[in-house]
Structures are given as C-alpha cells and as structure tokens.
Amino acid sequence: MPRQSYAEALVDALYDSLAADPRVSLIGSYVLGLGPQRHLMERVRKAFHDRIADPPTAEAGAAATGIGAAMAGVRPFVDLGTGSFPYLAWSQIVNEGAISCYMSDGRIPVPVTFHLLHGVRGGGAAQHSHSPQSMLCNAPGLEIVAPATAADVYGLVRAAFQSPNPTVVVSHAKLLGIESDVPAQKQSIPIGQAEIKRSGRDVTIVANSFMTQLSLAAAAALAEEGIEAEVVDLRSLAPLDETTILNSVARTGRLVVVDECPLRCGIAAEIAAVVAEHGFGLLQAPVVRVTRAQVPVPYSPPLEAAVTPDAAKIAAAAKRTLGARA
Amino acid sequence: MPRQSYAEALVDALYDSLAADPRVSLIGSYVLGLGPQRHLMERVRKAFHDRIADPPTAEAGAAATGIGAAMAGVRPFVDLGTGSFPYLAWSQIVNEGAISCYMSDGRIPVPVTFHLLHGVRGGGAAQHSHSPQSMLCNAPGLEIVAPATAADVYGLVRAAFQSPNPTVVVSHAKLLGIESDVPAQKQSIPIGQAEIKRSGRDVTIVANSFMTQLSLAAAAALAEEGIEAEVVDLRSLAPLDETTILNSVARTGRLVVVDECPLRCGIAAEIAAVVAEHGFGLLQAPVVRVTRAQVPVPYSPPLEAAVTPDAAKIAAAAKRTLGARA
Amino acid sequence: MSQKLSADLAWPMLEKMLLIRRFEEAVLQLSNDKQFVGHYHLYIGQEATGVAVMSLLEPKDRIATTHRNHGHVLARGSDPGRAMAEILGRASGLYGGRGGTLHLGDPELGFLSTSGIVGGCISLGVGGGYACRQHQEGALSAVFFGDGALEEGVSFEALNIASLWRLPVLFICENNSTGSWAPGQGYPTLVHASSDLCSIAKSVNIATMRVDGADVFAVHAAASEAIALCRSGQGPVFLEAVTRRWPGNNPLWPEPVTGPTDMRIATGEFAPGGEHADWLSHHDPVLRLARTLASHDGGAAARIASLDAAARQRIADAVKFALASPFPAAETAFARVFA
Amino acid sequence: MSQKLSADLAWPMLEKMLLIRRFEEAVLQLSNDKQFVGHYHLYIGQEATGVAVMSLLEPKDRIATTHRNHGHVLARGSDPGRAMAEILGRASGLYGGRGGTLHLGDPELGFLSTSGIVGGCISLGVGGGYACRQHQEGALSAVFFGDGALEEGVSFEALNIASLWRLPVLFICENNSTGSWAPGQGYPTLVHASSDLCSIAKSVNIATMRVDGADVFAVHAAASEAIALCRSGQGPVFLEAVTRRWPGNNPLWPEPVTGPTDMRIATGEFAPGGEHADWLSHHDPVLRLARTLASHDGGAAARIASLDAAARQRIADAVKFALASPFPAAETAFARVFA
Ligand SMILES: Cc1ncc(C[n+]2csc(CCOP(=O)(O)OP(=O)(O)O)c2C)c(N)n1
Ligand SMILES: Cc1ncc(C[n+]2csc(CCOP(=O)(O)OP(=O)(O)O)c2C)c(N)n1
Ligand SMILES: [Mg+2]
Ligand SMILES: [Mg+2]
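Residues numbered from 1 in each chain as written. Chains lettered and ligands numbered in written order. Predicted model: local features only at pLDDT ≥ 70, side-chain atom pairs only at ≥ 80, totals over all residues. Heavy atoms only, no water.

### Description of the overall build of chain A
For chain A, the count of helices and strands is 12 helices and 14 strands. For 326 residues, the compact-globule estimate of 2.2 N^0.38 gives 20 Å, and chain A sits close to it at 19 Å. Judged by the C-alpha coordinates and their principal axes, chain A covers about 60 × 45 × 40 Å. Here chain A holds 326 residues, and 73% of them are scored as buried. Contacts in chain A between residues far apart in sequence, at least 24 positions, make up 82% of those at least 6 positions apart. Where the 26 positive side-chain charges of chain A centre and where its 30 negative ones centre are 2 Å apart. (Helix = DSSP H or I, 4+ residues; strand = E, 2+ residues; numbered from the N terminus. Rg over C-alpha atoms; globule rule 2.2 N^0.38 Å. Buried < 20%, exposed > 50% of the residue type's maximum accessible area, 1.4 Å probe, protein only. Contact = heavy atoms within 4.5 Å. Lys, Arg positive; Asp, Glu negative; His and termini not counted. Charge placed at Lys NZ, Arg CZ, Asp CG, Glu CD.)

If you want it as structure tokens, here you go:
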C-alpha cells in the first residue's frame, strides 16, 4: 500500500477540492505552519493562485469573510493558523457560522471549512500550544474533525468541503510529518464515523488526532505484556459516534479516554459521560482520563513533557483499569 | 432572616468592594442588563462615578484594558454584558488573562474580575442566550463562579475582588429578580466550595446558577412523592469541589447533573466524568445529564422551552435514576 | 427635487417609508401588549436610508443588516405579515419564528444571516462581497450598520479586507447617534473618540461620502453614485447617513413618545407641539419627504392620505395574519441544526 | 548631532545597542545549534527604537511588548544571562523557563506579561495606562508593537479606548515592513490597505509622529516630545518608527545573512560587499550611530571597538551562564496556575 505523510495528504485534499469545485477558494494558505513540510503548499498556490488569498493578520475578519461568503453560496476554506488564533474569531465561528442554519430554519446553511494547527508542538509555550476543539464541541452547529492519519485527513477534508455545514478541521502540528498507508485511490470519508484502529479485548482506548498515534504506540507496548488494547479513533468530534464507543466498551468493559485538551469539560469528559450515562452496565472498572494537565503549557521542554499525554502515561492508565478489576 | 433579590445583593457586593479598596474600579456598569432591576446600579454610579467608566462597544479592548491594568497592580471589574459577548474577548480572557500568572512563574498575577449575564432568558434567540462557562472551564487559570442565591452572589463577588486571580462571575439573567435569605452581615465566601442546598438520601442532583433554583423546585416536587433528593449547588465551577460531590454520591448512589450549557463537553459532562473516574464504586445507577439540548437557542417561546432544562425534566431524570435501581 | 429625483420615484419611496413607519408603530404596540418578549429595535427616523438604498439595488445583490433590521427587510420587499409573524415567534414567520426581531432576513431577497452582534454584520457583509466577486458578475454586497458597529475591532478588520481585496461592498453606516443621549437611559451608541467616522474608512483607503439620512433625495443621489463606483470594480465605498435619533429610541426600551405619526403635519393641516415638535418638524424623514412632495403638488395631500391609509391597512392585515398564525410545534426545536 | 543629542547620551545608547546586537546574534547561533526549539524573532535592525525610547522612560513607567521583545528587555536593563536562560528554557530564566523567547519580560522593571498574540500587547498596554492614571502620578505605559499589530481589530479598539479616556499611553509602532518581502518567505507583515498607519490613530483623534527608526537621534527627539505630551495628561501619543527590515528576518526562520556585525564598517576600516551591502551601509542602526560618532570624534574607533569587545564578553558570559543553568524540575510544572 502506498504511504504518505499527513501533510502530503492534506495538501492533496486541498488541491483536489479546488480542482473539483469552482466555488472553492482558500482564505489563508499557510496551512502547514512553520514546519519543514510548508513548501508542499507551493503546488496548490501555483495551480490555483486566482482562488487563494492570504488575509491580513485579522482572524475575526478573515473567518467572517469566509462565513459570509458561504452564506452567499460559495465554499471558502479559512486557515486560522495556530490553535489559539480561532479565539480571536470565536464570536464569528460559534455565534455566527454555527447558528445560521438553525436560526434561519434551514434557509441559510454555511458551507465554510476552517483549519487550524493544534497541540503541544515543542516550544509553543502557553499561547501557541492550544487545542480549542473541546470548547468548539460545546458550540451546537459545528462539525469538527480531528484526523490522525494521511488517509483520514484526506477523506475528512474532502468531506468538509462537500458538507453544507461549517466544519472545523484540526490538525495536530506533530502529525504533519507522520507517514501512514493510503489507498491508491484516496476517498472522501463520512463525517461522524469513528474507526477502530486496533482491535483488542482487554481495554478500550478512545483517542483522536495525534493522541491516536500515541495510543497505538501504547497498545503495541501493552501487547508485549499480553494486554490487548482496542484503539477507537474518533476521527470526528462532532457529530460524535457514540455507537462505536459503546460497542467497544461492551466488548472490553474498560475505558481509557485520551485527549490533548485540558482536563475540565474536555472531550475526554464527554466520552466518559456518554459511557457513564449509556454504558454504565458495561463498565467493570472506573473510567480513566489521560489529558493535558489543567495548566497552561510551559515552554521549558521537561515542563512541557510533564503536562502532556504520552504513550507511557496511556499504557499506565490502561493497566490501572485492569488492576481495578472488580 | 432578611431577604434580598440576587440583583440587590450583587449591587451591594459591587458597592462594598469599591468602598473597601481604592484599587477597585468598574469598566462597564450595565451589570444588570435590560431588566427592571437595572436602576439599582444608580446608587453605585453616583457614589463612585470617578471609578466607573463605560467603555465603547469593544469587548476585547475593554477586557484587555482590565487585564493589563490588573497586571499593573489595580483591581478592575469588567462587565462583559450578555453571555455571548465574552466570545469577542475570548483571546484576551483565556489566552492573556488566564495564563499570565503561570507563564511568568507567578510573577504577574492578574486580579481582574469579569461579569456576564448568561442563560436562556426569554426571546434572547440564538445569539443572546449563551452560557459560556463550560468553555471557560476548559481554560486553565480562570476562577469561575456561578452563584444561585443573594447570599452567594454577594459572598463570591466579594471573594472575586479579593482574589489575586482572574475570576469570571456568571449571573443567570433569570436570577436577578429572585429573592432569598441573606445573613444580617453578608460575608465573603471562599471560591471553590460547593454547598448542599437541600439534603436527601435517595439521589444527588448537582447544579449551579439558575439550575440550582430549578433543582430545588424539582426536589420539592419529588418530596411530595416520597423521593428525597439532595441538591448540591456547585457555586464555583473552577476550582471544582470534587469532594462534596463524591461524598453526596457516596450517600445516595445516584447522580443527576443539571446545567444550562449545551450537552457536549459541558459542566455536566465534567461532573459525570469525575464520578465515573473517582466515584465509580459509589454509583448504583447510570448518571443522567439534564442540560440545554445540543442546538442553538430558538426565539419562539415553545421552542425555547423545549431545548431548556426545567424542574419537570429534572424530576423526571431523578426518577429515571431510581427506576434503574439494580 | 426635480433634478435630484423625479416624483415618479419619490412617491413609491414614500409608500415604502410609510409602510415601514406603520409597521414599527405596530411592533411597539404589540410589545407593550406583551405579544412578544425580549428586546427590540425600531427603524423609525431612518426610513429614508433603507428605502433609498434598496430602491437602487438589483435582485442579484447581497444584503447584511443588524438588530435594527425591520426597515431593511420591508424596504427590500419582504412580506410584512411574515416579518411580523417572525417577531411574534410564529411558524409562518420568515424563519419559522426561530430568529425573532433581532434576526429578520429573507435569503430569497439576498439577505445573509442577520447578526444581532454589534459589528457582526459588517464582516459577514464583506463575505457577501467576496462571494459576489467570485461568482456574481457585477453584483455587490450592501451592508447596513450603526455607528456603534465601528467601535468593534472586527469592523475595522473587515474594512481593511474589503479595501485590500477591492471587494464590491457598499458600507452604509447609519449614524443615528447625533440625537440627545443621556447615560443610564440606554446604550451609549457613540462612545467613540473619532469625531469623523468616515476617517476610519479613509485610513484604509476606502472612498467615503456623508449625507443627511433624513433627506431621501440626498441619500438616493449619494447611494447611486456609490453603487456605480462599487459595480465598476473600484472596490468598496463607505456611505455615512446621519440622522437625528428618534426620541422614542432614547429610552432603553422604545416608547411611543411621538404617538402614531400624523401625516397632516406634512401637509400643514396639523402643527406638532410639545417637546418633540422639533424632531417632527425637521428630522422625521417620512414627514420631510411628504412635505417636499406636498410643496410641489397641490393634490399631494389627498394622495399622501390615501397612501397612508393603504399602508395602515396592509400593516393591520399583517398583524392579523401574524396573530392568527400558530406557534411552531415543540418537537421541531431539535431539527435543522445541520443542513 | 550636538543640538539633537550630546555625545554623553549617544555613547551609552551605542553600548546598549551593541549589547542587543550581540545578544541576538548569539540567539540565532544557539537556535541553529538546536539549543532551543520553537520559532523566535530577532530585534536586529530595530535597536535604535527600543534603546532611545527606554532611555527616556522612568522606573515607574509600564511597558508592553510582543514576540519581538529581546531588545526591549535588554534596553530596559534586564540581565542578559537570565534573558538568555529564559530563551533556553532554564530554571534561572526570567520566568523560570516557562515563557521562552516569545514572552520575555521583567515585572520589576515594569513589564506587563508579554503577549505573542499579534495585537495582544497594544490592548494590554492600554490597561497599563489605565493603571498608571489610577495609581501612579505622572507614569505612562509604553507599548511596543509591529505594523502587523494594526491589522488586528483589538488594536483599533484599544486606540479608541486610550483616546476616549485620555490614558497616558505611548504607542510605539515599529514598522519594519518597508523592506523587501516576498510571499511564501514569511509572514506578510504589512498586509494592510492603509498607506499611512498614523492615519489609523488619527481617525480616533490621537496625536501622531513618524520617525526614521534607524536614526537613534531622531527617535530620541521624537520620543522625548511624545513622552512629555503623555505625561502632561493630554492622552495617548502614537509614534511610528520606520525601519528597513533586516534581511536576516525575511526568511520565515532568521538566517545570519549579514554575518556577525563587523563594527569596522562604521569606522571605514572595512567596506561591506554582497547583496546586503546597502542595508549595512544605510539601514543598520548600530553601524549608523557608530558612524556618526566616528565622524565627530577621531578617537571613536578605538572606543567603539572596546565597547563592542565588552558587549561580546557580556553576551559570552550570558550564554555560558544560561547553558550552565539547570532545567526546571518536571514536578514544578503543576504549580502556580493561580497566585
Ligand atoms: C458585541 C455586542 N456588544 C454589545 C451589544 C449590545 N447592543 C445592542 S444594540 C447596541 C448599540 C448599537 O449601536 P449602533 O451600532 O449605533 O446601532 P443602533 O442601535 O444605534 O441603530 C449594543 C451596544 C451587542 N448586541 N453586541
Ligand atoms: C493573532 C495572531 N495571528 C498570527 C500570528 C502569527 N504571527 C507571529 S509574528 C507575525 C507577524 C507580526 O508582524 P508585526 O506585528 O509587524 O511584527 P514583526 O514580526 O514584523 O516585528 C504573525 C502574523 C500571531 N502570533 N498571532
Ligand atoms: Mg447608533
Ligand atoms: Mg512588522
């Protein structure tokens, strides 16, 4: 099977989306940030320069331009940059774009796609290491996807452009260079479907974005010790695929939820709550959350590592759920 | 015991805080919004006109002015207005004010107090009915209080002004006119302590803000049917008083969480997750969440009622947890 | 008048302005009758701006407006009955009662989603201009907003983007804050250090014009010039229409301080008295247009009276229709979060 | 020069400017040596602005700065060793290694928390002015920011608030975007429809000045005038210091394109060649000041050389100190979220 980096697949998705639909345009093209892969975008810039414009450093204005344009029937993509920059466009995203379809009784859908680079990336410090997706999940009306592989980012970005709804694509800065298998013919992937990235009978690990990669590493390590972890990759955070989660917990009876957002009111809390509400009888042990600590992200490498999930912390959490076997 | 409306106690707290500390000032004085109680603020405006200024309609600028001033050692209060207006100051609140103390290794604390009127208030529609506190709980570095009574809003607002940290006070628009008992000498109340507003052995109802009032009404109705519900009023959303919640669930074995934020990644999810993690053995039935539906708030009264928690929905949820007795 | 605007154009504009005036008077009554809850905003005193600008727009053009949108929707041609039903939260409303007074709009007539967030509509309207340039040859986006919107930073960002990208956007700043305003009475609607709102647009190299918003002829003349410029691809134009705030809008909640508009004031058959005589005599755009028409045409008085009677009747029917409409069914509240 | 600025003031400023220049050259080296990760921004080419303005501030004044803060912190007098240790994420850094290069600051010297969010520092700095007016007789808040910050709406809001409330704020816009910039190479730092950044401040009635940011005498003269105005209670002043972007800042990641600065260029002992000769000959503020001093004083060459040697030594010691400092202990990562 051919392999691609996450960045290559993301760029392919942008290229193919621009090629497929003349209504598509890009507001902001520094989609790959400051990393070594950033030059991959040149190909897209050259081919579609007439449909690509880099806005001023004005996130609210840029987001609203995309939202308003989408209300008027075109399909803009707005790159918001680093995961904390959407905070400058928060009102536009959660209180303009997200509500229009509902408030207009379905008469004004908003087919805009947002993209941002989230996560602890090494030296980003408190202001440039954010994962805003948990907050966004609390805003009704947004579709939110957090792919972990090349095939998924391609498929979900294509789906985001095809969707009539505002869709936020979050890419973890550490995923860009990671290679994974892709089908010869990359396909659009329906928004709202989780995928079991590894099967196992002992414990369910629910993750998303870069945390899925860490969870797969943890699962491999656990396997060495004879523990078979099942890794459920959410892929979409909104709508949430409760069925796949509950079915997995039904098989394993144990749940570890991994997410890089801060602990309180994060995605990990939502998954735990869904299972406590609808899968209570399935659980044989307490749920364990592995998330970013409830602190801002420090700059210094050892401090940064201390507050961020890693494979070892995930594996330890999985063992805790097994140790707690009733 | 004397009684006061929530609005009267809030105004008293502002008055007494201004009187107690010359470093205190108000940026924005329309704290009581558009309702009939708004004239109560005249007393404060007259007495402290030299320390009160109404900013332009520029939430980000006003919030940052308060944050920057707090970094420089004064103690501003910034009224953000309706619950959705903080979205325009999101970067300032969650990515400037909240992180400064930590990022400066404790050298630049930010003693600012924010206030907003949250919640479904009747005719606010999709853009003026928000409860942003769940999103704020995902931002490390903020203290967040959501009082439900006159005594609590007085005590927590006084505490917010005394706190060296950025504190967000959320007042539900429907609470302003509600009267409750207050001590002859109103006191400051420590941030981070929940209070059991009604004791009961059958089921724990965890609530905050106006939902506490609805939960007390539900508990009264349940009592008529012989069901004794315990109502835990969080009062503070950050830091969260996990102990009081877990101790109550230890007594009742059943949990209903009530919150007016939308379902996903909301405060109700966090409470459910805390119990699923740390109180798993205590639960005899699935947790039930009663929250705003995961939809924008519609304008039309019957639709608005359909998506919003009320006493009947809370009572029904409590019964469900009992029906599910294993 | 003649050079500026012929009578055949003036009369239809008076008709629209009267329709809006009577609609808003009815809204105020319905609010005081507790037929709907929540805060609302009336277009009284600004009718000339909305009507003159809309009369120059084409069907392909896009429109963005604010919390003070009733006049824009009616001027563009929406059905008063469905607009009123929306304000009353009824199923037959423009948005099935989901939006309400702050969010009236009509996508078939080119409206984007109407934002009640101050500054919201300017940046959304720039998006409308972006779409027009990409897909609608010669179309423009007309953005109506208040002076207060220029206190919000996003509005500055949007002006900059529109100018940078030469988007076909007509910014119509309805500055209604030149009237008396006292603290505590309502929103400070011009808490601005700027003494010249046009200078903000100028600072990002946008062409600007300022006009008396109570003079429908002046607005019409300026707007046609601005629209021609926009359509020519020169980029955005900023038009400030200055009006004297209707006294009924000074309290936090509107009050019928001038009573139902008496059109006989325009024809001299009735002389206004009391503290608001000045506003009625000089700043009311509806009376002002009627007065001008009357001064040029002896038979005007009768024609004005009959136009007014027709407007009252249409609004009475609209109110009847709205009040007779059912509320939406509760179970529909969970649908259409997504398209 | 004499009228503008006496030599006794010029030499200490050269000393500071050299210290900053050698510090930044060392930072670039340490980054290329992988001694720290993450993006960073150098003050090379702007030293005259920070040093001249800081030389006029008083201890009670407040300061706000941005991602490009190294020069401001050193100009204000922070210890280069602790500044470098912060950039390397060490426990002895100004903030214990928690902030890093984007967030250098020094509260004892009046710094507010340094925001790496474009536009962030302007509005925080206005808060500093609010506090000064409330509690610090005659103090002001000096806010350093780039031209790009004026693309953010919150900056406009902050200018408006400072003007409305006549806050003692000195806005120093370091416009370094007049150099060559090509798309894809880095941030578009002047994606602005405005051709006159001062006009933005003027639109909210703020007094403005524009000055050549490479001429330390010019900056000093303008800043002292502006500061006097601020302290007099007239409200904020906006000072635009225009510099030609250092070529090493054009790539997305800084590159040592001009090599370690050779001070002999200033004394004519060495003639710069290559594509950057023009920048070194006309736009480098450090060389320009040294050249002026040399042209007025025969003995200058030796004095410049010894100042430079001292600066290099101080920076060498700072780097040694920083590299020798331990990293903070992992378990401390959870402390001090709250005061
Ligand atoms: C972001 C935001 N802040 C505050 C408000 C409250 N608000 C509603 S109308 C209004 C005044 C707006 O003034 P202007 O834009 O001049 O419009 P006008 O009402 O005068 O027509 C304000 C501040 C709001 N709706 N949105
Ligand atoms: C809100 C926000 N958007 C984007 C960025 C990314 N960014 C970092 S520096 C920079 C350019 C800033 O230009 P300017 O203010 O002129 O400062 P300069 O780097 O030129 O000194 C940008 C866009 C950011 N840090 N914050
Ligand atoms: Mg106004
Ligand atoms: Mg710049």
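### Notes on the site of ligand 2
Neighbouring ligand 2 are 20 residues; Glu59(A), His67(D), Arg68(D), Gly116(D) and Gly148(D) lie closest to it. More than one chain lines the surroundings of ligand 2; the residues nearby belong to chains A and D. Within the backbone of Ala149(D), an N or O atom sits 3.3 Å from an oxygen atom of ligand 2. Within the side chain of Arg245(D), one N or O atom sits 3.4 Å away from an oxygen atom of ligand 2. Across the complex, the protein chains shield 94% of the 580 Å² of accessible surface that ligand 2 would expose by itself. Split into classes, the residues belonging to the shell around ligand 2 amount to six nonpolar, nine polar and five charged. (Near = heavy atom within 4 Å. Polar contact = N/O pair within 3.5 Å; in protein donor to acceptor, adjacent residues only side chain to side chain. Areas by Shrake-Rupley, 256 points an atom, 1.4 Å probe, with all protein chains shown as cover. Nonpolar A, V, L, I, M, F, W, Y, C, P; charged D, E, K, R; others polar.)

### Section: the sheet that holds strand E1 (residues 62-64) of chain D
Residue and element names in this part refer to chain D. Taking strand neighbours across the sheet as the criterion, the five strands line up as E1-E2-E3-E5-E4 in an open arrangement whose pairing is parallel. Of all the strands in the sheet, just E1 and strand E4 (207-212) have a single pairing partner and so form its edges. Taken pair by pair, the neighbouring strands of this sheet meet at an average axis angle of 15 degrees, ignoring direction. Summarising the sheet, strand E3 (residues 169-175) and strand E5 (residues 237-242) pair through six bridges and their orientation is parallel. Bridge assignment links Asn175 to a residue of E5, and that residue is Val242. Packed on one face of the sheet, helix H8 (residues 216-231) meets E3, E4 and E5 and runs near 165 degrees to E4. (Pairing = 2+ DSSP bridges. Axes fitted to C-alpha atoms, helices over the stretch in contact; angles between N-to-C directions.)

### Considerations on the coordination of the magnesium ion (ligand 4)
Residues and elements named next belong to chain D. The magnesium ion (ligand 4) binds to the protein through Asp147 (OD) and Asn176 (OD1), with metal-donor distances spanning 2.1 to 2.3 Å. Taken as a pair, Asp147 in the loop between strand E2 (141-146) and helix H6 (153-164) and Asn176 in the loop between E3 and helix H7 (197-203) lie far apart in primary sequence, 29 residues in all. For Asp147, a relative accessible area of 1% gives the class buried. (Donors = N, O, S within 2.8 Å, 3.2 Å for Na, K, Ca; no water.)

### A closer look at the interface of chain C and chain A
Facing the 39 residues of chain C at the interface are 44 residues of chain A. For the chain C and chain A pair, buried surface summed over both sides reaches about 3,300 Å², with 64% attributable to carbon and sulfur atoms. If you sort the residues of chain C by the area they bury against chain A, Tyr130(C), Trp165(C) and Phe338(C) come out on top, with a joint share of 18%. Our count for the chain C to chain A interface comes out at four salt bridges. The tally of links from chain C across to chain A stands at 16 residue pairs in polar contact (both at pLDDT 80 or more). Going through the elements one at a time, helix H5 (120-135) and helix H6 (153-164) of chain C are the ones with two or more residues in the side of chain C that touches chain A. Ranked by the residues each element gives to the side of chain C that touches chain A, the list is headed by H5(C), at 10 residues. Looking at side-chain class alone, the side of chain C that touches chain A contains 19 nonpolar, 13 polar and seven charged residues. (Buried area = accessible area lost by both parts, 1.4 Å probe. Salt bridge = Lys/Arg side-chain N within 4 Å of Asp/Glu carboxyl O.)

### Quick look at the pairing of strand E4 (residues 75-82) of chain A
All names here are of chain A. With eight of eight residues buried, E4 lies mostly within the body of the structure. Bridge count between strand E2 (residues 24-27) and E4: four bridges; the pairing is parallel. Bridging from a neighbouring strand, Leu26 pairs with Phe77 of E4. As judged from the five bridges shared by E4 and strand E5 (residues 113-118), these two strands associate in the parallel manner. Opposite Asp79, over in E5, you have His115 as the bridge partner.

### Let's talk about the relation of the copies chain B and chain A
For the match of chain B to chain A, the screw axis carries a shift of 0.0 Å, the RMSD comes to 0.0 Å, and the turn is 180 degrees. Considering both components of the superposition, the chain copies are consistent with a two-fold axis. (Least-squares fit on C-alpha atoms with pLDDT ≥ 70 in both.)

### With respect to the environment of Ala222(D)
Residue and element names in this part refer to chain D. Structurally, the position occupied by Ala222 is in helix H8. Expressed as a C-alpha distance, the spacing of Ala222 and Arg210, which sit 12 residues apart in the sequence, is 8.2 Å. Not counting residues up to four positions away in its chain, the partners in contact with Ala222 are Met209, Val211 and Leu239.

### Remarks on the interface of chain B and chain A
Contacts between chain B and chain A engage 52 residues on the former and 52 residues on the latter. Counting each side, the surface lost to burial between chain B and chain A is near 4,500 Å², with a carbon and sulfur contribution of 60%. In this assembly, chain B and chain A are joined by eight salt bridges. Counting residues per element, the side of chain B that touches chain A draws most heavily on helix H10 (residues 267-278) of chain B, at eight residues.

### Here's the deal with empty space enclosed by the protein
Scanning the entire structure with this criterion turns up nine cavities of 30 Å³ or more. Considered as a void within the structure, the largest cavity measures approximately 180 Å³ in volume. What lines the largest cavity is a set of 20 residues, among which Ala60(A), Leu88(A), Ala60(B), Leu88(B) and Glu157(C) lie closest to the centre. At the level of secondary structure, the elements contributing two or more residues to the lining of the largest cavity comprise helix H4 (90-97) of chain A, helix H4 (90-97) of chain B, H6 of chain C together with H6 of chain D. Here the lining of the largest cavity is composed, by residue class, of 10 nonpolar, six polar and four charged. (1 Å grid on protein atoms, 1.4 Å probe; cavity = no way out; pocket = protein on both sides within 12 Å on 5 of 7 lines; lining within 4 Å. Points joined across faces, edges and corners; volume = space filled by probe spheres on them.)

### Examining the packing of aromatic side chains
In this structure the tally under the stated criterion is 17 aromatic pairs over all chains. Taken together, a centroid distance of 5.0 Å and an interplanar angle of 75 degrees make the contact between Tyr15(A) and Phe48(A) edge-to-face. With Tyr15(A) in helix H1 (residues 6-20) and Phe48(A) in the loop between helix H2 (42-47) and strand E3 (52-53), the pair connects residues that are 33 residues apart, well separated along the chain. Looking at Phe48(A), the relative accessible area reads 9%, which means it is buried. Relative to Phe280(B), the ring of Phe280(A) has its centre 6.4 Å away and its plane inclined at 55 degrees; by these criteria the two rings are tilted. With Phe280(A) in the loop between helix H10 (267-278) and strand E14 (288-292) and Phe280(B) in the loop between H10 and strand E14 (288-292), this residue pair bridges two chains. Given the relative accessible area of 15%, Phe280(A) is considered buried. Grouped by ring-pair contacts, the aromatic residues Tyr87(A), Trp90(A), Tyr87(B) and Trp90(B) constitute a single cluster. In this structure, Arg43(A) is placed above the aromatic ring of Tyr15(A), and the distance from its NZ or CZ to the ring centre is 4.3 Å. (Phe/Tyr/Trp six-rings, centres within 6.5 Å; stacked < 30°, edge-to-face > 60°. Lys NZ or Arg CZ within 6 Å of the ring centre and 35° of its normal.)

### A word on the pattern of salt bridges
A full pass over the atoms with the stated rule returns 70 salt bridges over all chains. In this structure, the salt-bridge partner of Glu240(C) is Arg210(C), at a minimum N-O distance of 2.9 Å. Of the two residues, Glu240(C) sits in strand E5 (residues 237-242) while Arg210(C) sits in strand E4 (residues 207-212), which places them 30 residues apart along the sequence. A salt bridge links Arg21(D) to Glu47(D); the nearest nitrogen and oxygen atoms lie 2.7 Å apart. Here Arg21(D) is found in helix H1 (residues 7-32), whereas its partner Glu47(D) is found in helix H2 (residues 47-56), with 26 residues between them in sequence.

### Quick notes on helix H10 (residues 285-296) of chain C
Residue and element names in this part refer to chain C. Under the 1.5 Å per step criterion, the end-to-end length of H10 is 17 Å for 12 residues, consistent within 8% with the ideal 16 Å. Within H10, the full set of buried residues consists of Pro285, Val286, Leu287, Leu289, Ala290 and Leu293. The inward-facing, buried residues of H10 contact helix H1 (7-32), helix H2 (47-56), helix H8 (216-231), helix H9 (277-283) and helix H11 (300-324). Where H10 starts, the residue carrying a side-chain oxygen 2.8 Å from the main-chain nitrogen of Val286 turns out to be Asp284. (Expected span 1.5 Å × (residues − 1).)

### Points about the environment of Ala222(C)
Here Ala222(C) falls in the buried class, since its relative accessible area comes to 11%. Once the C-alpha coordinates of Ala222(C) and Ser177(C) are considered, the two residues, 45 residues apart in sequence, prove to be 20 Å apart.

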